[in-house]
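An overview of the molecular structure
What follows is each chain in one-letter form.
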Amino acid sequence: MTTALDKPPAAATPEKSDARGLVEAVFRAREISIAGALVLLILGTWIANHSFLDGQGVKDLLLNASILVLLAVGQSVVVVTRNIDLSVGSVVGLTAFTCGDLVSGTSHGPIVVMLLGIAIGAACGLVSGALVSIGKVPSLVVTLGMLYVVQGLNYFLAHGGQINAVNLPDSVLSLGSGSVLGIPYLPLIACAVLAGTGYYLRTYRGGRELYALGSSPEAARLAGIPIRRRILAAYVFSGAVAGFAGALWLARFGTVVANAASGWELTVVSAVVVGGVAITGGVGSVWGAALGAMLLTTISGALVVLKVNPFWEQAITGVLLIAAITADRIVQVRTTNALRKRNRR
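Notes on the overall build of the chain
Within the chain one finds 13 helices and two strands. Pairs at least 24 apart in sequence give 80% of the contacts found in the chain among residues at least 6 apart. Total accessible area computed for the chain in this model is approximately 16500 Å², and 66% of it derives from carbon and sulfur atoms.

Quick word on the pattern of salt bridges
Within the structure shown, the criterion is met by three salt bridges. A salt bridge links Arg205 to Glu209, with the nearest nitrogen and oxygen atoms 2.8 Å apart. One end of the pair, Arg205, and the other, Glu209, are both in helix H8 (residues 205-215), four residues apart, so they sit about a helical turn from each other. For Glu209, a relative accessible area of 1% translates into the label buried. The residue Arg230 makes a salt bridge to Glu209 at a minimum N-O spacing of 2.6 Å. Of the two residues, Arg230 is situated in helix H10 (residues 227-253) and Glu209 in helix H8; the sequence distance between them amounts to 21 residues. A single burial state applies to Arg230 and to Glu209, both of which are buried.

Focus: the nonpolar core
Counting 83 residues, the largest nonpolar core has Val69, Leu71, Trp249 and Val256 as its most contacted members. It is H10 that contributes the most residues to this core, 13 residues altogether.

Let's talk about the packing of helix H4 (residues 110-133) against H10
The description of two helices packed together rests on the angle between their axes and the distance between the axes. Remark: H4 packs on H10, axes separated minimally by 6 Å, with the N-to-C direction vectors making an angle of 150°. Note on packing geometry: the crossing formed by H4 with H10 is right-handed.

As for the environment of Asn167
As for its position among the elements, Asn167 is in the loop between helix H5 (139-158) and helix H6 (170-177). Sequence separation of Asn167 and Gly105 is 62 residues, and the distance between their C-alpha atoms is 5.3 Å. Among residues more than four places away in sequence, those in contact with Asn167 are Val103, Ser104 and Gly105.

Describing a nonpolar patch on the surface
Residues Trp46, Ile47, Leu53, Val58 and Leu62 make up a contiguous nonpolar surface patch of roughly 390 Å² in combined accessible area. Of all elements in the fold, only helix H1 (14-48) and helix H2 (55-79) reach the threshold of two or more residues within the nonpolar patch. Relative to the elements of secondary structure, Leu53 occurs in the loop between H1 and H2.

What about the packing of aromatic side chains?
Overall, the coordinates contain four aromatic pairs when judged by the stated rule. Ring geometry for Tyr199 against Tyr204: centres 6.1 Å apart, planes inclined by 75°, an arrangement best described as edge-to-face. Residue class for Tyr204 comes out partly exposed when judged on its relative accessible area of 44%. Among the aromatic side chains, those forming a connected cluster through ring pairs are Tyr199, Tyr200 and Tyr204.

Describing unusual backbone geometry
One non-glycine residue, Arg82, adopts positive backbone phi at about 75°. Inspection of the secondary structure puts Arg82 in the loop between H2 and helix H3 (88-103). Owing to a relative accessible area of 40%, Arg82 belongs among the partly exposed residues under this scheme. Even without being glycine, Ala261 reaches a positive phi, approximately 65°. You can see Ala261 is positioned in the loop between H10 and helix H11 (264-274).

Details of helix H12 (residues 286-305)
Taking 1.5 Å as the rise per residue, H12 with 20 residues should run 28 Å; its terminal C-alpha atoms sit 28 Å apart, in good agreement. Across the 20 residues that make up H12, a large majority, 14, are buried. Immediately beyond the C-terminal end of H12, within one or two residues, lies Lys307, with a positive phi of roughly 60°.

Focus: H3
Along its 16 residues, H3 runs 22 Å from first to last C-alpha, staying within 8% of the 22 Å computed at 1.5 Å per residue. The positive-phi residue at the C-terminal boundary of H3 is Gly105, with phi of around 75°.

What about the environment of Ala289?
Structurally, Ala289 can be placed in helix H12. When the C-alpha atoms of Ala289 and Val273 are compared, they prove to be 7.2 Å apart, with 16 residues separating the residues in sequence. Setting aside residues up to four positions removed in sequence, Ala289 forms contacts with Ala72, Ser76, Ala271, Val272, Gly275 and Val277.

Describing the environment of Ala96
For Ala96, the location among the structural elements is in helix H3. A sequence separation of 152 residues divides Ala96 from Leu248, and the C-alpha atoms of the two residues are 7.8 Å apart.

Cut-offs applied
Residues numbered from 1 in each chain as written. Predicted model: local features only at pLDDT ≥ 70, side-chain atom pairs only at ≥ 80, totals over all residues. Heavy atoms only, no water. Helix = DSSP H or I, 4+ residues; strand = E, 2+ residues; numbered from the N terminus. Contact = heavy atoms within 4.5 Å. Areas by Shrake-Rupley, 256 points an atom, 1.4 Å probe, with all protein chains shown as cover. Salt bridge = Lys/Arg side-chain N within 4 Å of Asp/Glu carboxyl O. Buried < 20%, exposed > 50% of the residue type's maximum accessible area, 1.4 Å probe, protein only. Core = buried A, V, L, I, M, F, W, Y, C linked by side-chain atoms within 4.5 Å. Axes fitted to C-alpha atoms, helices over the stretch in contact; angles between N-to-C directions. Left-handed = near helix turned anticlockwise from the far one by under 90°. Patch = residues over 30% accessible without salt bridge, like charges linked within 9 Å, V, L, I, M, F, W, Y side chains within 5 Å. Phe/Tyr/Trp six-rings, centres within 6.5 Å; stacked < 30°, edge-to-face > 60°. Expected span 1.5 Å × (residues − 1).

Written out as structure tokens, the structure reads:
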């Protein structure tokens with residue numbers, strides 16, 4: 001990946017341009033193949049059961065995918081830096097319950113709920129990011145510990161209770177059930193966050209530096225990239241998106257218990273990896289991660305429509321995750337070999 005430096009970069013040699021083009025072409029093909037698999041899955045399920053793509057079926061599919069797409073976008077920003085955030089599911093549960101508890105019986109609107117959720121999530125991301133970037137603690141350890149800390153805090157705040165939809169303001173619930181021109185609000189919000197993040201990562205210096213950091217931390221350090229600040233920002237962003245998703249979870253379901261979104265962190269990581277974001281960092285896009293999230297959500301919906309044992313959802317997700325990691329490794333080896341051959345010539 002290219003990096004933006006303070007001084008104008010030297011003109012790229014033909015070999016470097018070819019290498020960069022080869023890598024981009026490989027992973028663009030990966031995203032196209034995921035989109036193709038998604039289309040085939042939808043068509044196959046529709047042929048088996050026409051109700052899968054009726055008005056309500058499409059609406060449910062979009063609503064169910066929206067929150068997972070948001071979480072995949074936030075996770076992607078962390079994964080491209082060669083790190084991981086396993087706390088996103090518990091952050092969703094914490095923000096959904098906390099926001100619901102604070103606005104129950106009040107007239108607060110959705111803006112208050114969303115801002116509060118973003119603030120809580122960003123605070124969680126700040127703690128994780130500081131430990132990883134400044135404390136140099138492995139991200140797997142930090143975020144796994146953060147997962148249990150946030151879960152414990154959520155259970156403490158809940159005291160065995162739950163948030164009921166009847167106590168929430170109508171304006172908050174309308175965010176999760178309302179639509180514009182027949183399209184629900186949640187998918188539109190998810191698309192806006194996806195487009196904004198994708199544009200930033202591709203266009204702005206800070207976004208390109210995240211890829212440079214994930215590709216080679218040592219080279220990024222030598223190039224003068226502020227590694228600690230970039231990693232910290234990635235975790236704060238991931239936490240803020242998870243908090244935002246928690247606020248939307250509250251609006252979507254209304255009734256929230258302490259273990260809301262429990263286990264979602266693994267689904268989010270699976271969506272990101274299946275979508276072509278390399279777990280080793282530096283490669284992939286939020287668009288691919290969103291496609292991965294859509295694919296997993298569609299598989300879940302298709303199994304329900306086809307009345308297949310829910311066990312197969314986890315089994316298929318596991319197979320896709322293993323296949324994606326294996327494919328990444330094969331592509332990485334072949335790409336490296338191809339680049340070496342071109343450099344020799």
